[in-house]
Amino acid sequence: SRTERLAVSRPSDRLGPAGLMQQVLPEELFLGMLCLERKKAERSQKKLLLVLIDATAAFQSLRYREVRGGLVRAVDAARRETDIAGWYQQDGILGTIFTEMGEVDSATVQTVVSKVRDALNSELSSEDLKRVHLSVHVFGGDEKNPDLPPNTAFYPDLDVKGSKRIPLLVKRCLDVILSVAALVFCLPLFLVIAIAVKLGSRGPVFFQQERLGQFRKPFNCLKFRSMYAENDPRIHREFMKDLIAGSYKGKSEEGTGRPIYKMKNDPRITRIGRFLRRTSLDELPQFINVLLGDMSLVGPRPPLAYEYEQYDTWHRRRVLEVKPGITGLWQVKGRSRVPFDDMVRLDIQYARQWSVWLDVTILLRTPRAVFMGDGAY
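What comes next concerns the included structure. (Residues numbered from 1 in each chain as written. Predicted model: local features only at pLDDT ≥ 70, side-chain atom pairs only at ≥ 80, totals over all residues. Heavy atoms only, no water.)

### Quick notes on the pattern of salt bridges
Throughout the structure, instances matching the rule amount to 18 salt bridges. Here K40 ties to E37 by a salt bridge, and the two come within 3.6 Å at their closest N and O atoms. Taken together, the residues K40 and E37, both in helix α2 (residues 27-44) and three residues apart, mark about one turn of the helix. Judged by its relative accessible area of 46%, K40 falls in the partly exposed class. Residues R318 and D347 are paired through a salt bridge, measuring 2.8 Å at the closest nitrogen-oxygen approach. Of the two residues, R318 sits in helix α12 (residues 317-320) while D347 sits in helix α14 (residues 340-353), which places them 29 residues apart along the sequence. R318 gets classed as buried once you look at its relative accessible area, which sits at 5%. Relative accessible area serves as the criterion here: at 5%, D347 is assigned to the buried category. Here the salt bridges do not stand alone but share partners, grouping R38, E42, D157, R317 and E321 into one network. (Salt bridge = Lys/Arg side-chain N within 4 Å of Asp/Glu carboxyl O. Helix = DSSP H or I, 4+ residues; strand = E, 2+ residues; numbered from the N terminus. Buried < 20%, exposed > 50% of the residue type's maximum accessible area, 1.4 Å probe, protein only.)

### A word on the packing of aromatic side chains
Going through the model one piece at a time under the given rule, you end up with seven aromatic pairs. Taken together through their ring pairs, the aromatic side chains of F139, F154 and Y155 make up a single cluster. Of note, R43 hangs over the ring of W314, and the distance from its end group to the ring centre comes to 4.3 Å. Above the ring of Y306, the side-chain terminus of R237 is found at 4.4 Å from the ring centroid. (Phe/Tyr/Trp six-rings, centres within 6.5 Å; stacked < 30°, edge-to-face > 60°. Lys NZ or Arg CZ within 6 Å of the ring centre and 35° of its normal.)

### A word on helix α8 (residues 234-245)
With twelve residues, α8 should cover 16 Å at 1.5 Å per step; its first-to-last C-alpha distance of 16 Å lies within 8% of that length. Within α8, the full set of buried residues consists of H236, F239, M240, L243 and I244. Seen from one end, α8 has its buried residues packed into an arc of 125°, which puts them on one side. Counted as exposed and oriented over 90 degrees from the buried face of α8: R234 and A245. Looking at the buried side of α8, the elements it contacts are α11 (305-308) and α14. (Expected span 1.5 Å × (residues − 1). Arc of directions from axis to C-beta. Contact = heavy atoms within 4.5 Å.)

Here you go:
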């Protein structure tokens, strides 16, 4: 396996006194274990504790080997046999994943921090300690709060480097080129829709709504206005709460009997708005969001803040792992035909299997999905 090849190809640090053999994992293997433990915590709804010791500055001294040895001995003394230690950043930042911690509260964190600090004090000199920075990260705490930035320490797999850099550059180039082409080609259609929206009801032509982009970065998502200017958002808030919780069973579509997991007969939508939504023409202005870099052509749909607050821990991956898009796997495979959890699974599948070719495939399948209007309301 890949793990076994890494362990063989790159020797681990050996810790502790003679006869006590522990391992400090190399960077790639440790980060892989961190991602695995994070996914376990997502499913189990348990908290995860990660302690990072940044010794980059201390390693710049001529006493590098002595500092390094003291650091790994301190980590070994502060952890249990079930805890995982390794290089979060090779020969720079040493990390420890404290597993099976139960309830991680402030007292638990303080106990772990005190134990690590005591171990560092016994192994490093006072001068070396001044160059060492200790940080503690708790996964499963307040990540649901959209007002707080996400803790990216638990998502090293999202770091853009190596083999991902060039494909992501190609993805961005496709976004820019195709968005410019779409805006130029659709300019006459923009004018027609703008006139129809303006004549259909009072209010602005465009509708701006704050959505959450990758890593919960807020941005103004653009659409042609499909609702009356003054409406009550509580209707949609309650609907999304039930949909995300799984308590909304879905209404059956007339003629087919198939379930629909989307609001039908929304009283807030105008007559022209129903047509725009049915044909997805209301989303054409989002090509501007793509040019601005807030969105991509392909990716999960960006959620509202109050939707994100209702997410389970594993749902958050659809927001963190990839930039939101105009179209995606959900649009071409299920749309409003699938329950919320299945939609999230499609988004996560896209993030896990992403490639430029997958984007091209989804883009080629999107016109048919729009033309057929299956699941659009």
